[in-house]
Amino acid sequence: MRLGIYLFDEVEVLDFAGPFEVFNTASRLVHRADPQATPPFEVLTLGPSLAPVRARGGLLVTPQRVFSEAPPLDLLIVPGGVVTAELARPGLSDWLLRQSLHLKALASICTGAFLLEKAGLLNEREATTHWEDLEDLQAASQASGSLLRVVVHQRWVEARPWVHHGGRCRLFSSAGISAGIDLSLHLVAEFASVDLARRTARQMDYDWRAANGTVLHSVW
């Protein structure tokens, strides 16, 4: 499956690097077990251009593809950070909406939920974001007239799927930063296998938690 991760200036580093590590580690484990096996995930980074983006803290990261010229994707992750400029970026909301017609799953991490809300993808659905931004997400929804229900005290949320023209895109959102790793491991379990997700968490020395915070796999 081809996975895209959207990068932009002031993106939160762990919001994109955590999922990047999860999906690449999962594929590496499959290859290690059987070098002839097809890796379950191909990960691409996407940006507004091919110029390096300056993540939070000044980390420079160069996207592999321009988002508007991305190849067909199966999964798409929209991280958070300072999203003010992205909310105003021409064409981004339309692109997210078009992607939802073909994706198997679309997931936001942290304040990436604001970009899904701006695109109209969260209308009459549930979503969450970083605890500091829950009230602002609800306010943004009310200002746009969408009927979003903001969920608190959840690591991640799966909303009602986005169904359009015969397509069915599953919609996910997560709370801040490390919760994106939990959601990414859940997506590995959903689109590959639970066993692979557990082995990935172990390889990463990470205590994988369910949406409600229950530990699904502990490294100790």
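Definitions and limits used
Counting from 1, residues in each chain are numbered in the order their sequence is written. Selection of residues for local features in this predicted model requires a pLDDT of at least 70, selection of side-chain atom pairs for listing and counting requires 80 or more, and totals for whole chains, interfaces and linings are taken over all residues. Computation of side-chain values covers all heavy atoms of the structure but excludes hydrogens and water. Numbering of helices and strands runs from the N terminus; a helix is a DSSP stretch of H or I covering at least four residues, while a strand is a stretch of E covering at least two. Note that the radius of gyration is over C-alpha atoms, with the globule rule given as 2.2 Å times the number of residues to the power 0.38. Partly exposed residues are those whose accessible area sits between 20% and 50% of the maximum for their type, while under 20% is buried and over 50% is exposed, using a 1.4 Å probe and protein chains only. Should any heavy atoms of two residues lie within 4.5 Å, those residues are counted as being in contact. For accessible areas, the Shrake-Rupley method is used with a probe of radius 1.4 Å. Any residue's cover is judged against the shown protein chains and nothing else. Counted as positive: Lys and Arg. Counted as negative: Asp and Glu. His and the chain ends are not counted at all. One atom stands in for each charge, and that atom is NZ of Lys, CZ of Arg, CG of Asp or CD of Glu. Think of a nonpolar core as a cluster: buried Ala, Val, Leu, Ile, Met, Phe, Trp, Tyr and Cys residues, connected wherever their side-chain atoms sit within 4.5 Å. Axis geometry follows a simple rule: fit a line to the C-alpha atoms, using only the stretch in contact for helices, then measure angles between N-to-C directions, giving values from 0 to 180 degrees. Angular relationships are summarised with four words: roughly parallel below 35 degrees, roughly antiparallel beyond 145, roughly perpendicular across 65 to 115, and oblique for the angles in between. Classification used: nonpolar for Ala, Val, Leu, Ile, Met, Phe, Trp, Tyr, Cys and Pro, charged for Asp, Glu, Lys and Arg, polar for all others including Gly. Each helix crossing is assigned a hand: it is left-handed if the near helix lies turned anticlockwise from the far helix by less than a right angle, otherwise right-handed if that turn is clockwise. Centre distance within 6.5 Å is the pairing criterion for rings of Phe, Tyr and Trp, where only the six-membered ring of Trp is used; planes under 30 degrees apart are then read as stacked, over 60 as edge-to-face, and the remainder as tilted. Criterion for a salt bridge: a side-chain nitrogen of Lys or Arg within 4 Å of a carboxyl oxygen of Asp or Glu.

Draft legend 1. Seen up close, the overall build of the protein chain. Across its full length, the protein chain holds seven helices and 13 strands. Radius of gyration (C-alpha) of the protein chain: 16 Å, near the 17 Å computed for a compact globule of 220 residues. Residue burial in the protein chain is summarised as follows: out of 220 residues, 52% are buried. A separation threshold of at least 6 residues defines the contact pool for the protein chain, and within that pool the share at least 24 residues apart is 63%. On the protein chain, roughly 10200 Å² of surface is accessible, and the fraction owed to carbon and sulfur atoms is 52%. Charge separation in the protein chain, taken as the distance between the mean sites of 20 positive and 24 negative side-chain charges, equals 5 Å.

Draft legend 2. Summary view of the nonpolar core. Grouped together as the largest cluster of nonpolar side chains are 66 residues, with contacts concentrated most on Phe23, Leu46, Leu76, Trp95, Leu96, Leu106 and Val188. Excluding residues within four positions of it along the chain, leucine 46 makes contact with Gly4, Ile5, Tyr6, Leu7, Pro63, Arg65, Phe67, Ala70, Leu73, Leu76 and Trp95.

Draft legend 3. Looking closely at the packing of helix H1 (residues 13-33) against helix H7 (residues 194-203). Here H1 crosses H7 at 105 degrees, and the two axes come no closer than 9 Å. Compared by their axis directions, H1 and H7 come out roughly perpendicular. Contacts between H1 and H7 pair Val22, Thr25, Ala26, Arg28, Leu29, Val30 and Arg32 from the former with Leu196, Arg199, Thr200 and Gln203 from the latter. Its residues assigned to classes, the contact of H1 with H7 comprises five nonpolar, three polar and three charged.

Draft legend 4. Structural view of the side chain of glutamate 12. Mapping glutamate 12 onto the fold places it in the loop between strand E1 (2-6) and H1. Other than its neighbours up to four places away in sequence, glutamate 12 contacts Arg56, Gly80, Gly81 and Ile177.

Draft legend 5. Just the packing of H1 against helix H6 (residues 179-191), in detail. With their axes 9 Å apart at the nearest point, H1 and H6 run at an angle of 30 degrees to one another. Considered as vectors, H1 and H6 are oriented roughly parallel to each other. For the pair H1 and H6, the crossing hand works out as right-handed. Facing Leu14, Gly18, Pro19, Val22, Phe23 and Ala26 of H1, the residues of H6 in contact are Gly180, Ile181, Ser184, Leu185, Leu187 and Val188.

Draft legend 6. Structural context of the packing of aromatic side chains. Summed over all chains, the structure comprises five aromatic pairs. Through a chain of ring-to-ring contacts, three or more aromatic side chains come together here, namely Tyr6, Phe8, Phe67 and Trp95.

Draft legend 7. Structural context of the environment of glycine 47. By secondary structure assignment, the location of glycine 47 is in strand E2 (residues 42-47). Given the relative accessible area of 0%, glycine 47 is considered buried. Here the alpha-carbon distance between glycine 47 and valine 61, two residues 14 residues apart in the chain, equals 9.7 Å. Each residue touching glycine 47, except ones within four places of it in the same chain, is listed here: Tyr6, Leu7, Pro63, Arg65, Val66 and Phe67.

Draft legend 8. A look at the pattern of salt bridges. One pass over the structure, following the stated rule, counts ten salt bridges. We note a salt bridge from glutamate 12 to arginine 56, for which the minimum N-O separation is 3.4 Å. Residue glutamate 12 is located in the loop between E1 and H1, and its partner arginine 56 is located in the loop between strand E3 (53-54) and strand E4 (60-61); the two are separated by 44 residues in the primary sequence. Here glutamate 124 makes a salt bridge to arginine 160, at a shortest N to O gap of 4.0 Å. Remark: arginine 160 occurs in strand E10 (residues 156-164) and glutamate 124 occurs in the loop between helix H4 (112-118) and strand E8 (126-127); sequence separation between them is 36 residues. Its relative accessible area of 48% is what places glutamate 124 among the partly exposed residues. What makes arginine 160 partly exposed here is its relative accessible area of 44%. Residues participating in the shared-partner salt-bridge network are Glu158, Arg170 and Glu190.

Draft legend 9. Summary view of the environment of glutamate 126. Along the chain, glutamate 126 turns up in strand E8. If we skip the residues at most four places from it in the chain, glutamate 126 touches Leu148, Arg149, Val151, Val157 and Ala159.

So, to be careful, I would describe these as geometric facts and stop short of saying anything about function.
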